[in-house]
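# Structural description and commentary
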Amino acid sequence: TGRSVGNTIHTMPQDAEDGDDEFIWGSLGEPDDSNSPTHTTIQEKKSIFHRMMSKPVIKWGLILGIAVPHLLFVPSLLPVLFSRGAPYVRTKRTAMDAAFNLLHKEMGSFQGKCLVDLGSGDGRTVVDAYRRGFSRSIGYEINPFLWLFSVARTGLILGPRPFISSTRLGCGSFWNKKLSQADVVFIYGLDPIMLRLQRKLFDEMKPGTYVVSNVFRFPSWSPVRSDASVHLYRIPDGDGRGDTARPQTGST
């Protein structure tokens, strides 16, 4: 008597036919591939991984590598929930270049000017402002982990003397900071805060000073220049606070 498996006929002895199921299924079961090259490779990879994870430096390095990015981003989400800020999003290099090009066309030289970045993130705008000739560049960041990172990054890039004399990075909400010293303000906000921010800028900045907004527009101001998603505004003299304006429902 035989059983067909695929194209092969397996002949079983009489005692298997009489009920020795263990013999039958043991004979017809999956082949033992423990010695196959694929099986050996998987076992080797598992062994290497376990040896690596047994080393504290590597283990904690992986843990911190996962935890640190979350620490950087999560605190930035709290202001968004209360319509008081925007999440951390790095400004693209193309947008940064466009912003400074627009400013240069309007202002000419940046010598003797002060730039303030509201929500300075990793400090890149502060660094760029110094490199492009601003005499003073200031950033405010509410996320303490991002703030610490930006301080270390900016200090390493610029060196101690320019870092101390020409830049300042403050940790806290920019809503509590006065902007009367600013000749230029950078902002990468969200629609829900733009009207309130427009009123703050109008109240605190001098007429004729500039505001650069990445992506989002102010409800009742018209930009003097734009380049793709970057908009340059000039603080109006007279009526322009936006008391009768309503918040926008979408970006343009």
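Everything here concerns the structure above.
Throughout what follows, the structure given in this document is the object of discussion. (Residues numbered from 1 in each chain as written. Predicted model: local features only at pLDDT ≥ 70, side-chain atom pairs only at ≥ 80, totals over all residues. Heavy atoms only, no water.)

### Here's the deal with the overall build of the protein
Along its length, the protein carries 9 helices and 9 strands. Every one of the 252 residues in the protein was classed for burial, and the buried ones make up 35%. Sequence-distant contacts in the protein: of pairs separated by 6 or more residues, those separated by 24 or more amount to 61%. (Helix = DSSP H or I, 4+ residues; strand = E, 2+ residues; numbered from the N terminus. Buried < 20%, exposed > 50% of the residue type's maximum accessible area, 1.4 Å probe, protein only. Contact = heavy atoms within 4.5 Å.)

### Looking at helix 6 (residues 124–131)
Buried residues dominate helix 6, accounting for 6 of its 8 residues. All of the buried residues in helix 6 are Arg124, Thr125, Val126, Val127, Asp128 and Ala129. Close packing links the buried residues of helix 6 with helix 5 (93–107), strand 3 (114–118), strand 4 (136–141), helix 7 (144–158), strand 5 (167–171) and strand 6 (184–187). Two residues or fewer past helix 6, Gly133 is found with a positive phi of approximately 110°.

### Comments concerning the pattern of salt bridges
What the rule picks out here adds up to 9 salt bridges. For Glu106, the salt bridge identified is with Arg225, shortest N-O distance 2.7 Å. Taken together, the residues Glu106 in helix 5 and Arg225 in strand 8 (residues 225–227) connect sequence positions 119 residues apart. Since its relative accessible area comes to 31%, Arg225 is described here as partly exposed. Counted as one network, the salt bridges with shared partners bring together Arg93, Asp97, Asp128 and Arg132. (Salt bridge = Lys/Arg side-chain N within 4 Å of Asp/Glu carboxyl O.)

### Looking at the environment of Asp237
Along the chain, the position of Asp237 falls in the segment after strand 9 (230–234). For the pair Asp237 and Lys206, spaced 31 residues apart in sequence, the C-alpha separation works out to 8.5 Å.

### With respect to the side chain of Lys200
With respect to the helices, strands and loops of the structure, Lys200 is situated in helix 9 (residues 191–204). Every residue in contact with Lys200, bar those within four places of it in the chain, is listed here: Phe174, Trp175, Lys177 and Leu179.

### A few points about the sheet that holds strand 3
Strand pairing in a sheet relies on backbone hydrogen bonds. The paired strands run either parallel or antiparallel. Read across the sheet, 7 strands follow the order 5-4-3-6-7-9-8 without closing on themselves; strand pairing throughout is mixed. Whereas interior strands pair on both sides, the edge strands pair on one side only; in this sheet they are strand 5 and strand 8. Shown here is a sheet whose adjacent strand axes are inclined to one another by a mean of 15°, direction ignored. As defined by bridge partners, strand 4 adjoins strand 5 across 5 bridges and the pair is classed as parallel. By the bridge assignment, Ile138 is partnered in strand 5 with Arg168. Its contacts with the sheet place helix 6 against strand 3, strand 4, strand 5 and strand 6, and it is angled at close to 175° to strand 4. (Pairing = 2+ DSSP bridges. Axes fitted to C-alpha atoms, helices over the stretch in contact; angles between N-to-C directions.)

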